Structures are given as C-alpha cells and as structure tokens.
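Overview (structure and organization)
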Amino acid sequence: MAPVDAAVLAISRPPGVDLSVRIVRERSRSLAVLRGVVQPDTVAEDAGAMVCAWWGHGVGYAATADLSREGLQAAADRAIEWARQVDRHGLFDGLALPRPTARAVVRGETVQRPLAARRDLIEQLREEAAALRRDPRIVHWASTVQLSRVSQLQFFNAELVSDESFSYVVPNLEATAASEGRSQTRTLGGQYNGFCMQGGDEVIDLSGLRGGGARIGREALELLDAPNCPSGRRSLLLAPDQMLLQIHESIGHPLELDRILGDERNFAGTSFVSLDMFGRYQYGSTLLNVSFDPTPAGEFASYGVDDEGAPAARVPLIERGVLQRPLGSALSAARATAAGFPVASTANARASGWHRPPIDRMANINIEPGESSMDRMIRDTEHGVLMRTNVSWSIDDSRNKFQFGCEWGQLIENGELGAVVRNPNYRGVSATFWRSLAAVGSADEQQWLGTPYCGKGEPGQVVRVGHAAPPCLFHDVDVFGAEQ
Amino acid sequence: MSTLRHPDLQARFCDAMLAVQQAARPGETTTGWLSAEVSDFVRFNRGRVRQAGTVAKASIELRLIHHGRQASFTQTLSGLAADDRLRIAAAFDELRHIVGDSEPDPHLAVSEVSVCRSTRLSSRLPDPAEVCDVVCSAAGDADLVGFYAGGPLACGFASSLGHSMWHEALPWFLDYCICAGGDKAVKVTFAEPEWRPEAVAESIARARREALLLLRPAKVLAPGDYRAWLNPAALADLVGMMNWGGFSASALMSGHSPLARLKTDSDRFHERVCVCDDLAGAGVPQFQSDGFERPGRLDLIDGGRFAAALVSPRSAREFSLPDTGATAHEVAQALSLAGGDLADDDAMAALGTGVAVSNFWYLNWSDRAAGRLTGMTRFASLWVENGEPVAPLSVMRFDDSLFRLLGTQLEALGRSVHRIPDTQTYDSRSFGLTSAPGALLAGLNLTL
C-alpha cells in the first residue's frame, strides 16, 4: 500500500460525517522554439488532495499539498467545519445530498505510441520553426508542444472510487506576418491551442505539426495581403476549428446546470436556457444532434468517473434540434429536481486540480456527424464565406448574443471557393443561430479538438474540454471584417 | 499546527528559500520564485452559502543556470520543511540533467545584484464563520450571489547570488451581486484594509436599495451610436484590455499588441488619458521572478501618447531594449488611469440622454492590430433620459475602437478614481488592482 493510501485510510471522521478524498498528481513539460531560439525547458510537478465532507445538509472542502496522515486529517477536520457552516447557512435544506457512487473504477492512459525523446521533439520543433519563417515579413514564429501526465485517485469513506491516469498532448505552430502597420497571425491549432488530445506521439502526427510549418507561414503571408472580409448577410461555413468554439460558447456553457440554477451569476453568468425548456425547446434545426460524451479514447476531456465520483457515460443533449438534457452533476440535478424540474445528471462535476472543488463543467461536447461534406456544402452555397480557426470570442452572460472572429476567411460565390479574406467575424444570437444550421458534415470530416483553457467558477478554475465536430453550414448570418 | 490555519507564510517557507540559496554547486546559479496562499473561499447564492472551503497551496519555480544554459522546474510544496527540502533537492537534480542536455540560452536574464527586502502588510481578516453570518444576515430575503476570498497571500524570491525578497499580505474581498431577476443585478466589489462587519452590511444594504430600479421593464435599444457614461468598473474593464499584450515589449515587437498604433504615434488617445503601473500605490510586490526590482510607478501612457513599454529582462536581451523590470508576461499589475474634472454626482446630468454602463463583460479584440474591441454591457447598466436613470438596459453588444472611445469620443473623465481589486482567482489569488475614474463618451457603437 502506498503511504498516501495508508494516510487516506487512517483519516478519522465523527459519526454522521462522510468524507471523500481526491488526490491529483500532475507532471507537465513545455518545449518551444520561439523566434528561432530554443526556449528553456519548463517542467512542473504538482500534487495535493481535496477533501470534501458531508454533514447534515452541508458540504465543505479543504485542499492541501500536505499528504501526510496529519495533513490529510487536518484537511478533513477543516472540511467538516465548513460542512457545518454550510449546513447552518446553506442552500440545501431538505435536500438529500448525493454521494460518490462509483467504486474501484480503474482507467489507464490512452497512448498509442510513446512520445519521442526530448532531443528529437526539439529537433522537430526547430525544423518546423525554420519552415514557418521563409519570408522576412514573418515577425513572430513559434513551434510548441505541451505535455502533461495526470493521475487521480478518489476515495469515499476510505473505499476506492477510482484510479485514473491521463496523458495530454497539445502541439501548435504560429506565425505572425506584419507589414505597413498591419499584422496577421495564422496557427495550426488556434492561438489558444484548439488542437489538443489525450495520447502520445500519434497526437503530434494527427495535428499536422510535422511538415505543417511551411503552410502556416505561407497562410500568414496570404492573410497579410488579403482584402478585409466584406460585411453583409451570407451563408457561413464553419470549419471544425471554429465549430469547437461555437459549440463551446453557445451550447456547452448555456446548458451548464449550475448556471441555470444561478450559482455563476456573479462571475461566469447565467443562461438563456431555463429549467422548463428540457424535452421541448427547439434549440436548433433538425440537423442538430449534440452529445455529452466523456468516453472516447483520445478525446481531450474523456474520463471514467467525474470528480464527485459519478461514473461517466455518453448522454444526448440535443436530438433533432430539441433540447433534452442539461449538463448537471448529481448535486445540481438533485437541486433542479427539488425545484420541481426533474432532470437526470451527466457526470460532469469537474475540478481544475486538487486545489479546487468540483462544479458543473463541460467534458467533451460533440456535434454528431451528418451526411454532407465540405465540398458539397461549398457547391450548395451561392453567396457565403468559409471561416477557419477561432481567434476572438465574446458572448453575453446569458450565452446568447455572440460575436466570434476567425484567423482565416475565404469567400464562396456560386458554389466555388474564392478569395482569401482577413479578419473574418460574425455575430448572432444563440437562441436563433442554431436554427439556421443548414448542413452538417460527415464523420469523415469530423475533427477532435478542444481547449485547455475553459475558465469558470469562484474560485476560478481552468479545465480541459473537448469538442468534436464536422464542418457545418449556416444560412443568413451577419458577417463582417475589421477596422482596417 | 495545521497548515490550513497558520497565517505566517514567511515562517513556513523560510527553510525552502534557504534551500534554494544553498543548492548551487560550483559554477551554478540557483533561483526560486515562491507563491503561497492559504485561502478561505465562500460562494453565495440566493443569500445562502453555496460552497465553502479552504485551500492551502504553495509552489516554487526553481531555476538552474549553468554555463549560459538554463531550465526551470515548478514544484508544489507541502509546507513541511523537511519534505520541501527533499522536493527542492530532487528538482534541482533533475534540472541538472535537463540543463546538461540543453543549449545556451541567448536571452538568459537573472539579476546579478542581490537584494534583500521584506514587506509584510497587516490587516484584519474575518473569521470565516463571521463572513457567512454577516453576509447571509445582511442579504435577508434579497437574491445575493457572490464570493468571498481571503487569507494570507505571499510571494518571494531567493537565489544563490544572495537575493532574499518577500512580500506578504492579508487581502480579502467580497465580490457580490444583488440580483433583480434575469441578468439584472447591482454588482459590488468590496474590499477594505480591515474587515468591518458593519461596513459589509452597509454595502449590501445600499446595493439592495439600488437594485430596486432594476425591477422596472428593461429598455431595448436598436443598434447605433449612443452617448455613454462608463462607471469606473466599466472603464477599468476597457483599460484592462490594454494589458492584454498592449504594453508588452514582446507583443509590440512581434505584431501582437493592440497598442501598436499608439507606440508608433500613428494614433493617439485624448490628451487627458494618462495610464501608469502604480505598484507602490497598490501594495503590489516590487520585484519579479528573475530577481529584478520593479519601479514603484511606471508611466505607460502620458497625455494620450505612448510613454513606456513593459520590458522584461528577457525581452530586453532579445530585442536590445532597456528593461523596465517587467514580469515575464509583461503585464501591468496595478494599472491606474488618472482622473479628470467631472464630479461623479454630475455625471448623469452631463450624460443627458444615453446609456450608463455599470460593467462590461467578455471583452475581446475584434481587430487586435487596430485596437478595435467588442464586448457586452452587464449588470446594472441603465438607460438615462435627461440626466435621470429611468430603466435597466437590455444587454447590448458594442464593437468599437479603443482609439475612438478614449480619443475622439472622450468628453470627460470622472474626478474620483476608484480602486478595483483584482478578483481573479484562477490557480491562485492575486495582488493586483486597477484604479480608474468614470468616463463620459460622446458615442459608443452598439451593434447587437
């Protein structure tokens, strides 16, 4: 038995108290070649425990990096004190608070091929960095890879809930071209690392990093010389690396049940979705099918058990355009049910690390593939624009009025892909935008993407989320260019 | 004593800092940048406690420099002296292997001038139980949603060159809303040097009174240009966007700064716009993770024109610039916009008819290189007619140029400069704050 396991088993608790312990260990490494210079390696190692206590109608928590028997006991004692406070002042009077239900779930890393040695990775990054800058107008160029390995152990009243390990790989290339007061940036996976998966060396291959430097550099220069995106209402064809953001902001966040219950109104915001909409609200056109799916091996936010000990499973959220289920943990679902709106939970209580308590989050939120294709959607478009790779995002606190911008735009006229345009933006309203969904690409063109940086919560938490989507076509969208 | 209660972080981690100083072997330089906090966090919803707990976290970014090569290792510390010494020693051992496999770093920067300083700011923190009692009692039947964060917060730097720097404080804030239905709310960020329960209760009572106006039917505006008064919190949001690469030397040199036009003097703000990084005034640490001291105040924009960039020692070497002691990310930690001559009490009369924006939300660049940004109005933003607030505003999106808003459209700045604490708690709490007055704009371009 590992010492920390023994320390967990030794925690004492008074009668009437339940305790969970979640121990997270993370080791990460960043490698980068920035503007021609190999950057110093950065390694990080983090380990600690989150202890949650249930007492009466209260839950409290305490987090510590002191994993000794005394340290964990002190955290448990503190969590119990908080549970008593919450019971006295809490929201949950009369509510049977859910407890972890999974037991002894063991899940390993999903690595198909081990990562190359550091020296080899650096050499590959150096090659791509050189390929990014084949023109002096490229003023910034970078090739990077972020690697993280995480293990998480969960216990409930000294019983093992889960033992899971994860390997995350986030490769990217970036080039910025500048001339005459104008600059344009093109990336492989978005400026905020939209290409991110669990796995090993195969993720770097899938990303297109190897051999991708020349294309990214060339496209940055093309954007620099391109005209501004025109304004007006057009059809909009979104590539998967913009769909990820569209899903994230205007489906994922509005369906988070804690937002609907009001927990986030002081910070991340509320939702235009209300508890009475589930099972009947027409969220999008009949082509829209969306799932919460933390199960695919390799997708960025796959896991076996959520951070409150609920077993993870795929759940349809929107079927044929009709809203079916929220993204709610067992606790949030119990609260909604107590409020007169019975909903099932989705095992999405997640925390950014050992030092944060779980809250309702997205995991993988995916658009189910349709039957169209990028080529067919272009052929079927009379007057439109193709946008690739998110660069700007803004949405109101109810997750309704949005404005998003992309790195790359390309006009579509009479079924043909035409000129490249820079600074493509579009705006709309979530409640109506998805109803303009006119075609969905097939599984062949679906990409598994995501973001390592989804922010929410008080205290703040940044978690990894995944989004798989094919390209999608929308009609009659307000598109526009930029200032200059 | 429990690591979750001990308020003296300097005592807890002095051994770790010593271990960094003693770790270097001949020819090596070792440094450590330590961040530590013990934080009580309480979330409120509907005037009750939603989630509460304590987090004790400390980590140290260790750096090993040898023959012009370097690498860093960030290690979480347990707070147990003997255990932390072992962790630090193991991390330096691993760094020796990494550095041995690395190549020289042409931009390596570490302060060769050893400095010893210690700042410990005292204040009175509440007992967490008292926070719950006071807030829930003052909220009464109001729909209060919010967040309390407080506890000791520290950072320090030590090196084998003799540096020993420490900054510790006991900050707290209560960031809350009194909700009036839907997305309408009075938002307050309350922080004082001393916790005074009567002041907290008074703040909540005032917000409850102000929320009554938000019960009126919301005014729905058509897109267009509107006169606007930006409350200090809203203007702080705009000024804060300048900090997203605006002053960064690296961003300016690599085509990523939204203030590139200001830097090249091809565009200017109104001459009343003066912005500085006021570390001394904000009680923010005046040293950074390479061991360099930072100026207590650095003028960034003066008279509407670019005054100085934030240049980290690393950028200074890469771009051959004089460094300004900036942090590695080259962000200001205490942005301060100077006030003007419009009394806050006269703001509505000066506005006449237009929008009074209490807060912006989710700002982002719609054209970064041109300084054009978009965002939403939020919380208690109001429609004002003839100097009288008459209705809450149905949320609106704006998309406008920073150079227009703080240039041609800027009519006046408020006389009172408000201190708005940085409430971000991603990964850890923060020392920073933003100081800003309100601003009267002739036009704000609302688009959706």
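Preceding block: the structure.
This one's a predicted model, so the numbers in the text were calculated from it and none came from an experiment.

Rules used in this analysis
Residues numbered from 1 in each chain as written. Chains lettered and ligands numbered in written order. Predicted model: local features only at pLDDT ≥ 70, side-chain atom pairs only at ≥ 80, totals over all residues. Heavy atoms only, no water. Helix = DSSP H or I, 4+ residues; strand = E, 2+ residues; numbered from the N terminus. Rg over C-alpha atoms; globule rule 2.2 N^0.38 Å. Buried < 20%, exposed > 50% of the residue type's maximum accessible area, 1.4 Å probe, protein only. Contact = heavy atoms within 4.5 Å. Areas by Shrake-Rupley, 256 points an atom, 1.4 Å probe, with all protein chains shown as cover. Lys, Arg positive; Asp, Glu negative; His and termini not counted. Charge placed at Lys NZ, Arg CZ, Asp CG, Glu CD. Core = buried A, V, L, I, M, F, W, Y, C linked by side-chain atoms within 4.5 Å. Expected span 1.5 Å × (residues − 1). Phe/Tyr/Trp six-rings, centres within 6.5 Å; stacked < 30°, edge-to-face > 60°. Bend = angle between axes of the 7 residues up to and from the residue. Pairing = 2+ DSSP bridges. Buried area = accessible area lost by both parts, 1.4 Å probe. Salt bridge = Lys/Arg side-chain N within 4 Å of Asp/Glu carboxyl O. Polar contact = N/O pair within 3.5 Å; in protein donor to acceptor, adjacent residues only side chain to side chain.

1. Quick notes on the overall build of chain A
- Check the secondary structure of chain A and you find ten helices and 24 strands.
- The C-alpha atoms of chain A give a radius of gyration of 23 Å, which matches the 23 Å a tight globule of 484 residues would have.
- Per-residue burial for chain A yields a buried fraction of 66% across its 484 residues.
- When contacts within chain A are restricted to residue pairs at least 6 apart in sequence, long-range pairs at least 24 apart make up 75% of them.
- Within the structure as shown, chain A displays about 15,700 Å² of accessible surface, and the carbon and sulfur contribution to it stands at 50%.
- In chain A, 48 side chains carry a positive charge and 59 a negative one; their mean positions are 2 Å apart.

2. Side note on unusual backbone geometry
- With an omega of 0 degrees, the peptide bond between E458 of chain A and P459 of chain A qualifies as cis.
- Among the secondary structure elements, P459 of chain A is positioned in the loop between strand 22 (447-456) and strand 23 (461-469).
- Non-glycine residue R399 of chain A carries a positive phi angle of around 65 degrees.
- Position of R399 of chain A among the secondary structure elements: in the loop between strand 17 (383-395) and strand 18 (401-413).
- Residue class for R399 of chain A comes out buried when judged on its relative accessible area of 3%.
- Despite not being glycine, Y362 of chain B shows a phi value in the positive range, around 55 degrees.
- Relative to the assigned elements, Y362 of chain B resides in strand 16 (residues 359-367).

3. Overview of the nonpolar core
- In terms of nonpolar packing, the biggest core is built from 92 residues, with Y283, I367, Y426 and W434 of chain A touching the most fellow members.
- Grouped together as the second largest cluster of nonpolar side chains are 51 residues, F398, L402, F403 and L410 of chain B included.

4. Considerations on helix 3 (residues 118-132) of chain A
- Taking 1.5 Å per residue, 15 residues should reach 21 Å; helix 3 of chain A reaches 21 Å between its end C-alpha atoms and fits that length.
- For helix 3 of chain A, the full list of buried residues reads R118, L121, I122, L125, E128, A129, A131 and L132 of chain A.

5. Side note on the packing of aromatic side chains
- Overall, the coordinates contain 28 aromatic pairs over all chains when judged by the stated rule.
- A centroid spacing of 5.3 Å and a plane angle of 80 degrees characterise the contact between Y168 of chain A and F300 of chain A, whose relative ring orientation is edge-to-face. Of this pair, Y168 of chain A sits in strand 7 (residues 159-179) while F300 of chain A sits in the loop between strand 11 (290-292) and strand 12 (315-319); the two residues are 132 residues apart in sequence, bridging distant segments of the chain. When sorted by exposure, Y168 of chain A lands in the same class as F300 of chain A, which is buried.
- When the centroid spacing of 6.1 Å and the interplanar angle of 85 degrees are considered together, the rings of Y226 of chain B and W383 of chain B count as edge-to-face.

6. Observations regarding helix 1 (residues 9-22) of chain B
Residue and element names in this part refer to chain B.
- Helix length check: helix 1 (14 residues) gives 20 Å between terminal C-alpha atoms against 20 Å at 1.5 Å per residue, within 8%.
- The sharpest bend along helix 1 measures roughly 35 degrees and falls at D15.
- Taken together, the buried positions of helix 1 are L9, R12, F13, A16, M17, A19 and V20.
- If you follow the buried residues of helix 1, they end up packed against strand 1 (28-45), strand 2 (48-66), strand 3 (69-77), helix 2 (81-100), strand 6 (153-159) and strand 7 (164-169).

7. Quick word on the environment of M253 of chain B
- Here M253 of chain B lies in helix 6 (residues 249-253).
- M253 of chain B gets classed as partly exposed once you look at its relative accessible area, which sits at 42%.
- Apart from residues no more than four positions distant in its own chain, M253 of chain B is found in contact with V139 of chain A together with F319 of chain B.

8. Some thoughts on the sheet that holds strand 12 of chain A
- Here we have four strands laid out as an open sheet, ordered 13-12-11-16 (chain A), and antiparallel in their pairing. Only two strands of the sheet have a single neighbouring strand rather than two, namely strand 13 (322-323) and strand 16 (365-367) of chain A.

9. Here we look at the interface of chain B and chain A
- Residue-level contacts link 90 residues of chain B with 93 residues of chain A.
- Overall, the association of chain B and chain A removes approximately 7,600 Å² of surface from exposure, summing both partners, and the carbon and sulfur fraction of that is 46%.
- In terms of surface lost to chain A, no three residues of chain B exceed R43, R50 and Y426 of chain B, which account for 9% of the buried area on that side.
- Note that R88 of chain A and D133 of chain B form a salt bridge whose closest N and O atoms lie 2.8 Å from each other.
- Summed over the shared surface of chain B and chain A, the number is 63 residue pairs in polar contact (both at pLDDT 80 or more).
- Of the residues forming the side of chain B that touches chain A, the biggest block, ten residues, is contributed by strand 2 of chain B.
- Where strand 3 (residues 42-55) of chain A lies against strand 3 of chain B, four bridges are found, and the strand directions are parallel. Paired with A44 of chain A across the two strands is T74 of chain B, which belongs to strand 3 of chain B.

10. Things to note about the pairing of strand 8 (residues 172-179) of chain B
Residues and elements named next belong to chain B.
- Within strand 8, eight of the eight residues are buried, leaving the element largely enclosed by the surrounding structure.
- Side chains W172, L174, Y176 and I178 project from strand 8 onto one buried face, and the interleaved F173, D175, C177 and C179 project onto a second face that is buried too.
- Strand direction decides the pairing type here: strand 5 (residues 143-150) and strand 8, joined by eight bridges, are antiparallel. If you follow L144 over to strand 8, its bridge partner there is I178.

11. Examining the environment of V43 of chain A
- Positionally, V43 of chain A belongs in strand 3.
- Sequence spacing of V43 of chain A and R27 of chain A is 16 residues, and the spatial spacing of their C-alpha atoms is 7.3 Å.
- Ignoring anything within four residues of it in the chain, the contact list for V43 of chain A reads R27, S28 and R29 of chain A together with S72, F73, T74, E94 and I98 of chain B.

12. As for the side chain of S102 of chain B
- The residue S102 of chain B is located in the loop between helix 2 and strand 4 (116-120) in this model.
- For S102 of chain B, a relative accessible area of 11% gives the class buried.
- Polar side-chain contacts of S102 of chain B include one of 2.7 Å to the backbone oxygen of I98 of chain B.
- Excluding residues within four positions of it along the chain, S102 of chain B makes contact with R118 of chain A together with R69 of chain B.

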